[in-house]
Structures are given as structure tokens and as C-alpha cells.
Amino acid sequence: MNIAEKIRYVGVADRELDLFESQYPLENGMLYNSYVILDEKIAILDTVDKRAVEDWLVNVKNVLGDRKPDYLVLHHLEPDHSAGIVRLHELYPDMKLVGNAMTFRMLPQFIQADYTALYETVAEGTTLSLGTHGLTFYMAPMVHWPEVMVSYETADHVLFAADAFGKFGVETDTDDWACEARRYYFNIVGKYGAQVQMLLKKLGGLDIQTICPLHGPVLCENLPYFIGLYDTWSKYEPEDKGILIACASIHGNTMKAAEFLRDELVSLGGEKVVLTDVPRADVAEVIEDAFRYDRMVLMSSSYDAGLFPPMETYLYHLVAKQYCNRKVALVQNGTWAPSAAKTMQKILEPLKNIEYVGDVITIKTTMSEANKEELRALAKLLQ
Ligand code: FEO
């Protein structure tokens, strides 16, 4: 695939991987993207995961032919992008490694060999000239790791975006891009919204015509849409008006109350309502929905004088990702000493700008008529 006349795609689709980073379920695999710029000098931009190195080398060699690469640019050292460094170095021992000071501080932890003589260190604003093409580097610490940098190719106006603008899945079209890009963003980069905002501001003045991320499709049309979503997400603003009901029920009684609340909300009309069975859901999907919508109802059974563990796990992730700026309501269930709400409030304490809606609703085993009235009232308060 040509990104531009002299910029080629050499990435690999991994259709077999079940869990990305050993935790995010994949329904449709993962792309490990890599690119080659063929100019007077040749640069390979990033390598791939160890599962894909041999296929990637075939792609690289097909593009290079008899030519040798001058540079391997290391935008990000995480193993899904750096597993091919040693094999590439074996083939092209004179190839320089392009990274920043942090890249080269970290590299020896990944590779037990001394490549110091090959280091080509770049910093904010450095341009690496390849001939008619040039790569200008912008540091992007914590988008996703501290050594991350992006580069802007000045002849064809291409942003090589590292993990930013990536998504799960091997699809190369952008139909329904936001669904898996949102799950990817909030679970992988989401904790670092401030750093993403800093990067967006740095890139704001550039004439970007193509975005080449390290995962997911190359973006070349409608770029304001994708950049606009990243802006919304990284500002922790809700993307849509809607209510997520996240329910963790042991024997189904709390779920019955959740379904009752959902039906009440729907009957009031006009609201997008999503009910999630937390113990059976992919936690990453629930995290995605929590950030997508502006309101959330947490409904959980009590357990061991605390909280039903699947809800506790979900809230652990939510706090880790810095959930904020949302309205939240709490419903607990307990047969003899309900303890879920107090535990949920304690877990959520560090979060900023959370507005609690209504009082805690307590169900004692099964939903009573009084509980139904409370849930009806809550549905109105959530409007
Ligand atoms: Fe795709 Fe942070 O690695």
C-alpha cells in the first residue's frame, strides 16, 4: 500500500491474537503498522510485535529491494512496536537508530546488546532530512509511554502518530472507526488526557493531510472528525448525552431493578440508555461507555461487608483512568447489611467533579414497591 509516492505501508495484520496487552479482548485481531520512506536516504518507521516480525521483514524487503535502510525511527519502544529491532539490525548492521534521549535510556532494557554507536538522537523540533522528505519530531510523553514521539513528514504532510489515533481490529476502512478507537483510547491512553491535549496543541498549526498510526487504519479523509474526537476524549468531556447503567448482580435481583430503571428511563423518552451486565461484560467496554456518556448509574450487590468483586474491579479501572466530570447515581443491594454503596463512594472519592444524583437507593434482596417508587423518582432526576 502506498501512503504517498515514496511512503509505503509495511505493517502486518495479526488476526489470531485474542487479548491485546494480555487484557483487552479482540474480536478482530490487531494491526501492527510500520512504514518505509524511500528517498535519497531510506527510513523505516517502527517495527512490529514479535508475533509478526518475520511477515514484516518480508514486507520490508519487498519494498527495499536491493537498497539498504539508513534509519530505523523508534517512535515508541513498547514491545508491540520494537520486537523487530534486533532482526533488522542483523540484516542491516549500519542502519542508524533514531530516537530521543528517553528512547535511548530505555532501549538497553529491551535489547541486551550495545547499539550506542548507532544512536541518532532527536529532540523537540529536530528535522531528519531524507532528501525531498523530512521528518520533524514532536515529543509526546505519556501518549502512551514516556519516550513516545510523533513525527511530521513535511513533503507529503503525513503525521506518524505512534499510538495516538490507533484502534483495535484489522479493518483498514474507517467505517465505525470510533467504536474500537474509543475503547482503545480510554483503556490505553485515557489516563493521560492532559498529555494528549498538549500534543494536539503542538500539532494544531500543522497542515496534516494523512495520519499514520501504529495500529488501525491510515486516516486520510475527514481528519477534523478524528482529531475532534481525540480532543473531546482527552478533555474528559462526554461524547454523547446518555445514561450508562452498570449493574453487578449476583442472583439477578439487582439486575431486575436495573431493567426496571432502564424501562422507566426509556419510557420518559429521549434518552440513550445502555444497561451493562458488569460481571459478564468486557471491562474495557464498560470503561468506554462510562466515558462516552454524561451520566452513570452504578447498581451492585454487597459482598463480604463490601462490594461485589466484579463491580470493585470495574471501579478500580475507572479510577485508574481518571473518570471525572460526570453525574453518578448509586443503587445497592444487600440482604442483611448492605455495604455496596459505602464501598463504591469510598472507591470513587479521588475522582474530580462527580455530582451524585439523588440519595442512595437500597434494595433488601428483592425490589419492593417502595424501591420501584425510588427508581421512578431517580429516573426523573436523571433527566
Ligand atoms: Fe501500541 Fe503503547 O503500544
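Throughout this document, residue positions are counted from 1 along each chain, in the order its sequence is written. Confidence filtering applies because this is a predicted model: local features only for residues at pLDDT of at least 70, side-chain atom pairs given and counted only at 80 or more, and all residues used for totals across whole chains, interfaces and linings. Side-chain calculation: all heavy atoms of the structure are included, whereas hydrogens and water are not.

This paragraph deals with the domain arrangement of the chain. Note that the domain bounds were set by an automatic or database domain assignment. By domain assignment, the chain separates into domain 1 (2-234) and domain 2 (241-381). For domain 1 and domain 2, the distance between their C-alpha centres works out to 38 Å. Buried surface at the junction of domain 1 and domain 2, summed over both partners, amounts to about 1,000 Å²; 51% is from carbon and sulfur atoms. Among the residues of domain 1 in contact with domain 2, Arg182, Phe186 and Lys191 are the three that bury the most area, contributing 52% of the side total. Salt bridges are counted wherever a side-chain nitrogen of Lys or Arg sits within 4 Å of a carboxyl oxygen of Asp or Glu. Applying the counting criterion to the domain 1 and domain 2 interface returns three salt bridges. A salt bridge links Glu288 to Arg182; the nearest nitrogen and oxygen atoms lie 2.8 Å apart. Here a polar contact is recorded for every N or O atom pair within 3.5 Å, except that within protein the pair must consist of a potential hydrogen donor and a potential acceptor, and residues adjacent in sequence are included only if both atoms are side-chain atoms. Seen at the junction of domain 1 and domain 2, the total is four residue pairs in polar contact (both at pLDDT 80 or more). Under the scheme used here, helices are H or I runs from DSSP no shorter than 4 residues and strands are E runs no shorter than 2 residues, and both carry numbers assigned from the N terminus. Those elements that provide at least two residues to the side of domain 1 that touches domain 2 are strand S5 (24-25) and helix H5 (177-189). Considering each element in turn, the side of domain 1 that touches domain 2 owes the most residues, six residues, to H5. Accessible-area loss on putting two parts together, using a 1.4 Å probe and summing over both, is the definition of buried area adopted here.

By size, the foremost hydrophobic cluster in this structure holds 96 residues, and its most contacted members are Trp56, Leu97, Phe165, Trp177, Leu298, Tyr314 and Leu315. Looking at which element gives the most residues to this core, the answer is H5, with eight residues. Once residues lying within four places of it in the same chain are set aside, the contact partners of Tyr314 are Leu244, Ala246, Val278, Val283, Val286, Ile287, Ala290, Met296 and Leu298. Side-chain atoms within 4.5 Å are what join buried Ala, Val, Leu, Ile, Met, Phe, Trp, Tyr and Cys residues into a set we call a nonpolar core. Each residue is assigned to one of three classes by its accessible area relative to the maximum for its type, calculated with a 1.4 Å probe on protein chains only: buried under 20%, partly exposed between the two thresholds, exposed over 50%. Grouped together as the second largest cluster of nonpolar side chains are 24 residues, Ile3, Leu31, Ala43 and Val158 included. Here, residues are in contact when the closest pair of their heavy atoms is within 4.5 Å.

Enumeration over the complete set of coordinates arrives at 21 salt bridges. Of the charged contacts, one joins Asp14 and Arg51 as a salt bridge, the two residues approaching to 2.5 Å between their closest N and O atoms. Linking Asp14 in strand S3 (residues 12-14) with Arg51 in the loop between strand S8 (42-45) and helix H1 (53-64), this pair joins segments that are 37 residues apart in sequence. A salt bridge links Asp294 to Arg295, with the nearest nitrogen and oxygen atoms 3.2 Å apart. You'll find Asp294 and Arg295 in the same group, each marked buried. Here the residues in one salt-bridge network are Glu180, Arg183, Asp282 and Glu285, joined through shared partners.

On to the packing of helix H9 (residues 283-292) against helix H10 (residues 309-320), then. Relative to each other, H9 and H10 sit at 55°, their axes nearing to 10 Å. On the basis of the axis angle, H9 is oblique to H10. In this structure, H9 meets H10 at a crossing whose hand is right-handed. Two secondary-structure elements touch here, H9 through Val283, Val286, Ile287, Ala290 and Phe291 and H10 through Tyr314, His317 and Leu318. Under the grouping applied here, Gly and all other residues not named as nonpolar or charged are polar, the nonpolar ones being Ala, Val, Leu, Ile, Met, Phe, Trp, Tyr, Cys and Pro and the charged ones Asp, Glu, Lys and Arg. For the contact of H9 with H10, a count of residues per class yields seven nonpolar, one polar and no charged. The convention used is that axes are lines fitted to C-alpha atoms, helices contributing only their stretch in contact, and that angles between N-to-C directions extend from 0 to 180 degrees. Geometric relationships in this document are graded by angle, where less than 35 degrees denotes roughly parallel, more than 145 denotes roughly antiparallel, 65 to 115 denotes roughly perpendicular, and other angles denote oblique. Handedness of each helix crossing follows the sense of rotation of the near helix against the far helix: counterclockwise by less than a right angle gives left-handed, clockwise gives right-handed.

For helix H8 (residues 253-268), built from 16 residues, the straight-helix expectation of 22 Å at 1.5 Å per residue is met to within 8% by its first-to-last C-alpha distance of 23 Å. Where H8 is concerned, the buried positions are Thr254, Met255, Ala257, Ala258, Phe260, Leu261, Glu264 and Leu265. Phi turns positive, to about 85°, at Gly269, one or two residues after H8. Working rule for helices: expected span equals 1.5 Å times residues minus one.

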